[in-house]
Structures are given as C-alpha cells and as structure tokens.
Amino acid sequence: MKFTDGYWMTKQGYRLFSPYEIHDVKIGKDSITAYATHRPLEHRGNTLNEPLMTMEFSSPIPNVIRVKFYHHKGKVRQSPSTFDLQYTGNATVNIENNESFIRLTSGDTTVTVTKLHPVQITYTFRNRRLTGSGARSTAYVKADDGIHYFREQLSLGVGETVYGLGERFTPFVKNGQTVDIWNEDGGTSSEQAYKNIPLYVTNRGYGVFVNHPELVSFEIGSETVSKAQFSVPGEQLEYYLIGGDTLKDVLGNYTSLTGKPALPPAWSYGLWLSTSFTTNYDEATVTSFVKGMESRDLPLAVFHFDCFWMKEYEWCNFEWDERVFPDPAGMLQRLKARGLRICVWINPYIAQRSPLFDEGMANGYLLKRPDGSVWQWDLWQYGMGIVDFTNPAASHWYKAKLRALLDMGVDSFKTDFGERIPTDVVYYDGSDPHQMHNYYTQIYNQTVFELLEEKRGKGEVVLFARSATAGGQRFPVHWGGDCEATYESMAESLRGGLSLGLSGFGYWSHDIGGFEHSSPPDLYKRWVQFGLLSSHSRLHGSTSYRVPWIYDEEAVNVLRFFTKLKLRLMPYLFGQSVSTSSSGVPLMRAMVLDFGDDPACDYLDRQYMLGNNLLIAPILNPEGEAVYYLPRGTWTHFLSGEQVQGGSWRNEIYDFFSLPLYARENSLIPLGNEDTHPDYDYTDSVTLHLFALQDGETASAVIHNLLGETCFSVMASRQKNQIEITTKGTAKNWSLVLRGISAVDSVEGGLSESTEQGLRIVPSDSASFLRIVLS
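Residues numbered from 1 in each chain as written. Predicted model: local features only at pLDDT ≥ 70, side-chain atom pairs only at ≥ 80, totals over all residues. Heavy atoms only, no water.

Colleague: Residue-level account of the overall build of the chain, with values.
Modeller: From N to C terminus, the chain includes 11 helices and 49 strands. Taken over C-alpha atoms, the radius of gyration comes to 28 Å for the chain, in line with the 28 Å a tight globule of 775 residues would show. For the chain, the spread of C-alpha atoms along the principal axes amounts to about 90 × 70 × 45 Å. Per-residue burial over the chain gives 62% buried out of 775 residues. For the chain, long-range pairs separated by at least 24 residues make up 68% of all intrachain contacts whose partners lie at least 6 apart in sequence. Entry remark: accessible area of the chain is about 27,900 Å², with carbon and sulfur atoms responsible for 47%. Between the averaged position of the 69 positive side-chain charges in the chain and that of its 89 negative side-chain charges there is a distance of 4 Å. (Helix = DSSP H or I, 4+ residues; strand = E, 2+ residues; numbered from the N terminus. Rg over C-alpha atoms; globule rule 2.2 N^0.38 Å. Buried < 20%, exposed > 50% of the residue type's maximum accessible area, 1.4 Å probe, protein only. Contact = heavy atoms within 4.5 Å. Areas by Shrake-Rupley, 256 points an atom, 1.4 Å probe, with all protein chains shown as cover. Lys, Arg positive; Asp, Glu negative; His and termini not counted. Charge placed at Lys NZ, Arg CZ, Asp CG, Glu CD.)

Structure below.
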C-alpha cells in the first residue's frame with residue numbers, strides 16, 4: 001500500500017509518524033526495548049499530546065532478529081495473530097548500550113539502532129551491511145478514515161534483487177512490483193497467487209519475514225525505488241530479519257523458524273496419471289489407461305481421480321459416484337494389485353446438495369455469517385459452505401469422512417482450493433476472519449496431513465496441495481495450479497515454482513501438458529521433459545486426457561525415456577530430498593541459490609538446479625531451441641557426455657529426447673539399477689558417476705534407504721593425477737563410472753572396464769578404498 005505522493009509528499013488523508021530520536025531504552029536479559037519520539041524533545045511540553053513508538057528487538061533462534069513496533073498495545077489481536085512458529089524462548093544474544101547506539105547480536109547477525117536524530121536501524125552479518133531503515137522509513141500511519149497502519153521501508157542496494165513472496169507467476173525478480181499477500185484463485189497467468197508467503201530474500205544474502213497472517217502489502221522498489229516496503233493495518237508490526245552465510249543458510253534459518261519440509265515417501269516421486277477434470281470416465285476408462293501404460297512400458301506409480309469421482313453438485317460428499325464406480329473398494333484393490341498408489345481429489349467446501357451439508361449445518365461445522373446463518377454462495381458449487389476447521393468437532397468430522405476412504409485403499413489426497421475464504425464470517429473459536437483468509441489453508445492442509453500420518457505413518461504422507469501460507473512447506477507436496485497449454489504458461493509455471501522454492505518450500509509440481517485446453521504434441525513432449533525433471537511429476541488436464549498416445553507415438557517414447565531416467569535417478573533425487581527435509585533448501589531451485597557469486601544468475605528464471613549437482617534448462621519453444629547459461633566450471637551433459645566450459649551463454653537445438661541437462665564439476669551422482677518403480681533398494685547395484693573432479697577437490701554422495709536413513713556414503717578426492725575413493729556403510733554390487741575418462745594408468749582395489757560413458761570400476765569384494773591413477 002502506498003502512502004506517499006512522490007518522494008517528498010504524503011498522500012492526502014494520511015499522516016506518518018516516524019522515529020525521530022530514542023527517548024529511553026530498557027535492556028532485558030535477551031532483548032532490547034526502545035521508546036522513540038516523533039519529534040525533538042526540546043522541552044517537557046513536547047511530551048504532551050504526541051504518540052510514542054515502542055521498538056522491541058530480540059532473537060528467537062541464532063541469526064534471526066525479531067523486530068516488533070507498536071503504537072497502542074491495548075488492542076489485542078485476535079487469533080491467529082501470528083504464524084505457528086517453531087521455537088520457544090529466545091536465543092542467546094550479546095547486547096551493547098552506549099550514548100550513541102544500542103546493539104543486539106544473535107550469532108553473526110546484528111541490529112544497531114542509533115539513539116539520536118536521525119534514528120537509523122542497520123542490520124549486518126559479520127560486519128557486512130545487509131539492509132536498514134532510516135529517516136522517514138519506519139512509520140506509524142494515521143488515516144483520516146480511522147484505519148491505521150504500520151509501515152517499514154528497508155533499503156535496497158545498487159544491483160540488489162528481490163525474490164520470493166510465494167508462488168508468483170509475475171517476473172521472477174520482484175523489484176518494481178506491488179505484491180499483496182492475499183490468497184486468490186487466479187491461475188498461473190495473473191498477478192494473483194495461490195500461495196502467498198510474506199517472505200522475501202535478496203541476492204545480498206538475507207531474508208525478511210513479516211509475521212502477519214492477514215493482508216501484508218509489499219512495495220518492492222515500486223513506491224520508493226531504493227526501498228523494499230511492507231505495511232499492515234493496525235497498531236503493530238512484527239518482522240524477522242534473517243541472516244546467514246549464504247542464501248541457502250537464510251532459507252535454512254527461515255525454515256527452522258517456520259518448519260522444515262516433511263520428507264515425501266519415495267513412491268510419490270514416480271509418475272502420476274490423472275483422469276483429468278471434466279473428462280468422462282468410469283472404471284473401464286481408468287483401467288484402459290492403466291493397461292495402456294503397462295502395455296507401452298510406461299512406468300506408473302500413482303493414479304489420481306479428479307473431482308468427478310463424486311457426483312456433480314455434491315462436492316464434497318466423499319462418496320464414490322455409484323453410476324460410474326459401482327464397486328469402488330474392489331476397483332481400488334484391483335488397481336493396487338497392479339502396484340499403484342491411489343490419490344483422490346478433495347476440497348474444504350460442502351455443496352448444499354451434498355448429504356453432508358445438513359449434517360454440517362446442524363452441528364455447527366460450517367462457517368457462519370454474523371447473523372448466525374451458514375455462509376454460502378454459488379461460485380464453484382451451488383450453495384457451497386466451508387468447513388470451519390477452528391472447531392475441533394468439525395475437524396474430527398472431516399477426518400472421519402477421509403478416514404473411510406483411507407480404509408478403502410486411498411493413499412493420498414489432492415487438497416484443492418482453500419483460497420476463496422470469505423471475510424464476512426464468524427469462526428467457531430472467534431478467529432479474526434481477515435487473518436484467517438490466508439491462514440485457513442494451513443489448518444486445512446494440516447488436518448489432512450495429520451490424518452494421513454496417523455493412518456499411514458510418518459514418512460508415508462504426501463498431499464497434492466494448491467494453496468498455502470507461511471509454514472505450509474511442512475505439508476508437501478504443492479503444485480502450481482491452473483496453467484494454460486502454451487509455452488508461455490510453461491515458463492510462468494517455472495517462475496512460480498522457483499519463487500516458491502525461494503519462499504521456503506522444498507518440493508513442487510505442475511500439470512504436465514498444461515491444465516487448460518489441449519497442447520500440441522511438441523509442447524506435450526517438452527513439458528514431459530520438464531515435468532519428469534521436477535520434484536514431482538503428474539499428467540493432468542482439464543477437458544482432455546493426458547495419456548501420451550492421444551498425441552502421437554513419439555510422445556509415448558519421450559514419456560517412457562524421461563520416466564525411466566527419473567526412476568534411475570532416484571538414489572540421487574531421494575538423497576537430495578533427505579537433505580531438503582533437514583536443511584530447508586528446495587530440491588528444485590533457482591540458480592541464484594547455488595551461484596550467488598555469479599551476477600549472471602541473478603535474473604535466471606528459465607533454468608534451475610535439481611539438487612546440488614544437476615542443471616536443467618527446459619525448452620520453451622516449438623523450434624527446440626535452448627538458450628541457457630552455464631556458470632563457471634566444467635559441465636558434463638548428462639545424456640551425451642559432452643564436456644563444456646561454463647561462464648557463458650549457449651544456444652543449441654535439441655530433439656525431443658534431450659535438453660540441457662548438465663552435471664556440475666566435482667559431483668558424484670548415484671544412479672539406481674531400477675527403472676520400473678521409484679521405491680526400491682537404492683544401495684543394490686548402484687552406479688556412482690563421477691563428473692570432472694578437479695585437482696585438490698572432493699565429491700561425495702550419500703545413499704539412503706526408503707526411510708531416509710543413511711546406508712552408504714562415498715567420498716572421492718583428487719590430488720594431481722590420483723583419485724582416491726573411500727566408502728562407509730554397505731552397498732551390494734556397487735560400481736563407479738569416471739565420466740569422460742576412457743583409460744587410466746592403474747586401479748588399486750578394483751577392476752576396470754570401458755563403457756560408452758567412461759571407465760567403469762568394479763571394486764573388489766568388500767573393498768572400501770580405491771586408488772585410481774589417471775593417465
């Protein structure tokens with residue numbers, strides 16, 4: 001929200017009260033409280049009839065500074081007044097207080113506040129300036145209409161670029177944008193977003209998290225061009241300045257604050273096939289799709305039933321439509337006998353024609369209007385009501401309906417919607433409806449996630465969720481919502497996924513082939529490449545099916561090739577995912593996260609890293625042209641084996657069986673021995689591919705079991721022409737491939753053989769050490 005008229009003037013109808021000087025300071029055990037006046041205290045009379053700003057600084061966890069400003073504290077904010085943060089107490093801090101400034105240091109992150117005019121707040125990490133606010137930046141805003149606000153403006157340096165704020169499909173770098181944190185169902189081609197997260201990070205290596213579930217308005221260099229501004233209505237503002245050695249550390253600290261992503265089960269990384277949305281289908285249709293995939297050697301892991309598994313006008317009744325699914329329990333068992341997991345679509349809405357509507361209304365399970373009537377409208381479903389998850393009995397009721405489906409054989413739920421949450425309602429627990437608009441999705445997804453964990457066990461839970469707020473990363477997986485079947489929409493989907501990853505979310509997916517309309521065969525094949533090299537992979541559409549044979553025979557072959565490639569990559573992908581669940585660094589990530597010291601990566605939004613070691617640039621045009629950037633170093637094309645030097649842009653043409661897929665130098669990537677399903681023993685016959693190990697460098701890989709436990713680890717180190725390999729743990733029949741190296745002088749501890757990809761070394765029985773002398 002903008003409060004100024006140009007740089008000098010305040011907009012008519014507003015008055016801004018900014019800190020002028022610090023009147024008093026109180027030092028606590030682990031906190032600072034400062035009282036700031038809004039004008040000079042030349043005499044005692046100036047203390048009369050004037051507001052005073054209270055400024056509090058503390059630290060919940062190391063390298064995170066909690067900042068709270070308030071005017072009047074007597075108006076207690078209703079629940080949920082803040083997000084559900086994962087800490088208790090405060091971190092140990094160091095406090096300095098002298099005549100000129102007060103300073104609080106947590107870890108290596110420091111906030112310094114000057115006492116005299118002009119009051120300035122400066123944030124540093126190991127004496128490196130991150131950002132700060134100065135004269136006229138922090139402000140309590142009084143509006144003539146009686147709605148007051150708090151505003152903060154933090155400086156942006158020359159060349160500083162801002163990212164995040166949720167899954168946004170607008171330009172990847174947020175400089176120059178106005179962003180309102182307000183969940184809406186706007187598709188992937190608008191400024192609206194399903195997943196609004198009041199967190200931004202910058203290429204200067206810090207983050208800012210605004211701890212307000214309600215509407216937060218951001219002006220990222222769009223009001224004052226050298227400032228990142230955020231404002232909230234009310235008498236208080238709370239935000240967290242997050243420091244770290246790298247941007248990865250910043251995301252790690254943020255997810256320590258809001259929650260780490262759960263580790264999805266290994267089976268969820270396989271290919272998902274959907275019925276699509278409004279298509280006609282019954283058990284015969286579903287079976288024909290599954291058999292069609294089997295007969296074409298297209299490995300399928302999950303089958304998803306979209307909305308019309310239930311009767312029209314009755315979403316949600318959680319009952320199978322008996323007209324097309326007369327034997328749902330038997331059907332599910334028949335599908336599961338083919339090795340499939342089952343997902344079904346749900347949402348948190350109850351249409352009036354659903355038998356559950358009267359039950360929910362009678363028991364007070366649905367959101368109400370202020371007059372006590374059930375809130376309803378006809379958008380999406382006729383007479384739709386909304387489950388009130390703040391009522392424990394309503395949550396228990398909702399879980400009971402889903403529990404019956406789990407008992408029948410369902411394994412996962414696509415938790416759709418959760419954005420169209422009204423504010424003219426009354427919640428059971430008295431929650432503020434404006435603060436609940438964004439927060440509703442958190443308790444919706446948490447309710448379903450907890451039920452799955454209860455029934456299936458920890459580590460066996462995965463959602464396919466559309467909406468989210470801060471902390472929603474704890475309940476993966478999330479997908480990008482309704483995209484068009486165009487190359488432009490494919491690109492905007494990728495921008496959204498990269499932005500979400502820079503907002504603390506570890507795993508992300510999208511509708512392969514585009515949701516709306518039908519894609520031409522070339523787009524489908526290119527989206528298949530992108531989709532199978534994403535965290536999670538689902539074929540899904542709106543009015544048409546997404547099985548490949550409706551496009552052409554080549555589409556079948558392309559889908560087979562990339563599905564099997566992903567399945568062989570599972571030891572690598574699952575290992576990287578285990579790291580994501582503990583570090584908070586996303587599996588699929590923007591280039592700036594790994595190459596923050598390369599300015600060319602600041603704006604890259606058409607390529608990404610998949611884990612630490614693989615670079616991918618989806619092809620976004622019908623000509624098959626790839627324009628992409630390789631950072632400095634030696635890169636090896638994963639499929640062709642070509643080695644190239646980075647530090648420059650490349651322009652190439654690719655067929656449908658390849659794309660820019662590069663392994664980083666000094667990387668050790670494990671490939672599995674299975675390409676029919678994703679959940680297998682990753683230590684059995686695993687092949688470790690060593691890419692361009694440089695002199696004086698090391699490379700490592702860790703192989704996990706399906707519980708995420710470490711089973712086998714390998715370290716490679718090189719000194720001049722000698723490579724040493726050491727292992728810990730146990731793996732059956734493992735081997736090593738030196739990519740791009742066809743011959744060596746000697747191998748100690750194993751035997752070597754030539755392959756097309758490079759020299760393959762098979763260790764001797766029980767050998768845990770190899771020494772290789774290069775030619």
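Further notes follow.
Colleague: Please set out the pattern of salt bridges residue by residue, giving values where relevant.
Modeller: Throughout the structure, instances matching the rule amount to 41 salt bridges. A salt bridge links Lys-399 to Glu-450, with the nearest nitrogen and oxygen atoms 3.8 Å apart. Residue Lys-399 is found in helix α5 (residues 392–408), and its partner Glu-450 is found in helix α6 (residues 433–456); the two are separated by 51 residues along the sequence. Classification of Glu-450 by relative accessible area gives partly exposed; the value is 35%. Shared partners join several salt bridges into a network, and the residues in it are Asp-185, Asp-416, Glu-419, Arg-420, Arg-466 and Asp-482. (Salt bridge = Lys/Arg side-chain N within 4 Å of Asp/Glu carboxyl O.)

Colleague: So what's going on with helix α7 (residues 487–501)? Residues and values would help.
Modeller: In a regular helix each residue adds 1.5 Å, so 15 residues correspond to 21 Å; α7 covers 21 Å between its end C-alpha atoms and thus fits that length. The buried fraction of α7 amounts to 14 of the 15 residues, a majority that puts the element mostly inside the structure. (Expected span 1.5 Å × (residues − 1).)

Colleague: Provide a residue-level description of the environment of Ser-222, including the pertinent values.
Modeller: Looking at the secondary structure, you find Ser-222 in the loop between β19 (216–220) and β20 (227–233). It is 9.7 Å that separates the C-alpha atoms of Ser-222 and Val-179, two residues lying 43 residues apart in sequence. Contacts of Ser-222, omitting those with residues within four sequence positions, involve Lys-2, Gly-176, Gln-177 and Thr-178. A polar contact of 3.0 Å, which involves the side chain of Ser-222, links it to the backbone oxygen of Gln-177. (Polar contact = N/O pair within 3.5 Å; in protein donor to acceptor, adjacent residues only side chain to side chain.)

Colleague: Outline the nonpolar core, supporting the account with residue identities and numerical values.
Modeller: Membership of the largest hydrophobic core comes to 193 residues, with the highest contact counts inside it found for Phe-209, Phe-303, Phe-305, Phe-413, Phe-638 and Leu-736. A per-element tally of this core places α6 first, with nine residues. Setting aside residues no more than four positions away along its own chain, Phe-303 makes contact with Leu-273, Thr-275, Val-286, Phe-289, Val-290, Leu-340, Arg-341, Ile-342 and Cys-343. One finds Leu-130, Phe-150, Ala-228 and Tyr-239 within the second-largest nonpolar core, a separate group that totals 43 residues. (Core = buried A, V, L, I, M, F, W, Y, C linked by side-chain atoms within 4.5 Å.)

Colleague: So what's going on with the sheet that holds strand β17 (residues 196–202)? Which residues, and what values?
Modeller: In spatial order, the strands read β4-β5-β6-β7-β21-β18-β17-β15; together these eight strands make up an open sheet with antiparallel pairing. Two strands bound the open sheet, and with one partner strand each, they are β4 (21–27) and β15 (162–166). Across the sheet, the mean angle from the axis of one strand to that of its neighbour is 20°, orientation sign disregarded. Both β17 and strand β18 (residues 206–210) contribute to a ladder of four bridges, which runs antiparallel. Bridge pairing links Tyr-200 to Val-208 in β18. (Pairing = 2+ DSSP bridges. Axes fitted to C-alpha atoms, helices over the stretch in contact; angles between N-to-C directions.)

Colleague: I'd love a proper account of the layout of surface pockets, names of residues and values included.
Modeller: Quantified by volume, the largest pocket comes out at close to 560 Å³. Together, 22 residues line the largest pocket, and Lys-75, Pro-233, Gly-234, Asp-432 and Gln-435 are the ones closest to its centre. For the lining of the largest pocket, the secondary structure elements donating two or more residues are β20 and α6. Of the residues belonging to the lining of the largest pocket, the class tally is seven nonpolar, 10 polar and five charged. What the second largest pocket holds in volume is close to 400 Å³. Lining the second largest pocket are 25 residues, with Gln-576, Asn-612, Asn-613, Ser-667 and Ser-700 positioned closest to its centre. Of all elements in the fold, only α10 (570–583), β36 (634–637), β40 (667–671) and β42 (698–704) reach the threshold of two or more residues within the lining of the second largest pocket. Along the lines of polarity and charge, the residues of the lining of the second largest pocket split into nine nonpolar, 11 polar and five charged. (1 Å grid on protein atoms, 1.4 Å probe; cavity = no way out; pocket = protein on both sides within 12 Å on 5 of 7 lines; lining within 4 Å. Points joined across faces, edges and corners; volume = space filled by probe spheres on them. Nonpolar A, V, L, I, M, F, W, Y, C, P; charged D, E, K, R; others polar.)

Colleague: Account for the side chain of Asn-203, naming residues and giving values.
Modeller: With respect to the helices and strands, the residue Asn-203 is situated in the loop between β17 and β18. Take Asn-203: its relative accessible area is 19%, and that puts it in the buried class. Looking at Asn-203, its side chain comes within polar contact range of the main-chain oxygen of Gly-159, at 3.1 Å. Looking at Asn-203, its side chain comes within polar contact range of the main-chain nitrogen of Thr-161, at 2.9 Å. Dropping the residues within four chain positions of it, Asn-203 is found in contact with Gly-159, Glu-160, Thr-161, Tyr-163, Val-592 and Asp-602.

Colleague: How would you explain the packing of aromatic side chains if you had to name every residue and give the values?
Modeller: The final tally for this structure, using the stated rule, is 54 aromatic pairs. On the basis of an interplanar angle of 45° and a centroid distance of 6.1 Å, the ring pair of Phe-83 and Tyr-439 is categorised as tilted. Of this pair, Phe-83 sits in the loop between β7 (64–70) and β8 (94–97) while Tyr-439 sits in helix α6, placing them 356 residues apart in sequence. Both residues of the pair, Phe-83 and Tyr-439, belong to the buried class. These aromatic residues form a ring-pair network of at least three members: Phe-57, Phe-69, Tyr-140, Phe-150, Tyr-200, Phe-218, Phe-230 and Tyr-239. Positioned above the aromatic ring of Tyr-7, the side-chain terminus of Arg-136 is 5.0 Å from the ring centre. Just above the ring of Phe-638 sits the side chain of Arg-739; from NZ or CZ to the centre is 5.4 Å. (Phe/Tyr/Trp six-rings, centres within 6.5 Å; stacked < 30°, edge-to-face > 60°. Lys NZ or Arg CZ within 6 Å of the ring centre and 35° of its normal.)

Colleague: Would you mind going over the sheet that holds strand β43 (residues 710–719) in detail, with residue names and values included?
Modeller: Spatial ordering of the open sheet is given by β42-β43-β44-β49-β46, a layout of five strands whose pairing is antiparallel. Of all strands in the sheet, those with a lone pairing partner are β42 and β46 (744–748), marking the two edges. The sheet shows a mean angle of 15° between the axes of neighbouring strands, taken without regard to direction. The sheet contact formed by strand β44 (residues 722–729) and strand β49 (residues 769–774) spans five bridges and is antiparallel. Counted as the bridge partner of Glu-724 is Arg-771 from β49.

Colleague: Talk me through the environment of Glu-359; I want residue IDs and the actual numbers.
Modeller: By the secondary structure assignment, Glu-359 is in helix α4 (residues 355–363). Given a relative accessible area of 30%, Glu-359 falls into the partly exposed group. Sequence separation of Glu-359 and Trp-397 is 38 residues, and the distance between their C-alpha atoms is 9.9 Å. With residues up to four places along the chain from it excluded, the contact list for Glu-359 reads Tyr-365, Trp-397 and Lys-401.

Colleague: Can you break down unusual backbone geometry residue by residue, with the values?
Modeller: Note the cis peptide between Trp-315 and Cys-316, where omega equals 0°. When you line up the elements, Cys-316 lands in the loop between β23 (302–305) and α3 (328–336). Here the residue pair Pro-476 and Val-477 is connected by a cis peptide bond, since its omega of 10° sits within 30 degrees of zero. Checked against the element boundaries, Val-477 lands in the loop between α6 and β28 (478–479). The phi torsion at Leu-165 lies on the positive side, around 65°, for a residue other than glycine. Following the sequence through the fold, Leu-165 ends up in strand β15.

Colleague: Which residues make up the packing of α5 against α6, and what are the values?
Modeller: Their axes nearest at 10 Å, the elements α5 and α6 cross at an angle of 45°. In terms of axis orientation, α5 runs oblique to α6. In terms of crossing hand, the pair formed by α5 and α6 is right-handed. Taking contact as the criterion, the partners of Ser-395, Tyr-398, Lys-399, Leu-402, Arg-403, Leu-406 and Asp-407 in α5 are, on α6, Tyr-444, Thr-447, Val-448, Glu-450, Leu-451, Leu-452, Glu-454, Lys-455 and Arg-456. For the contact of α5 with α6, the residue count by class is seven nonpolar, two polar and seven charged. (Parallel < 35°, antiparallel > 145°, perpendicular 65-115°, else oblique. Left-handed = near helix turned anticlockwise from the far one by under 90°.)

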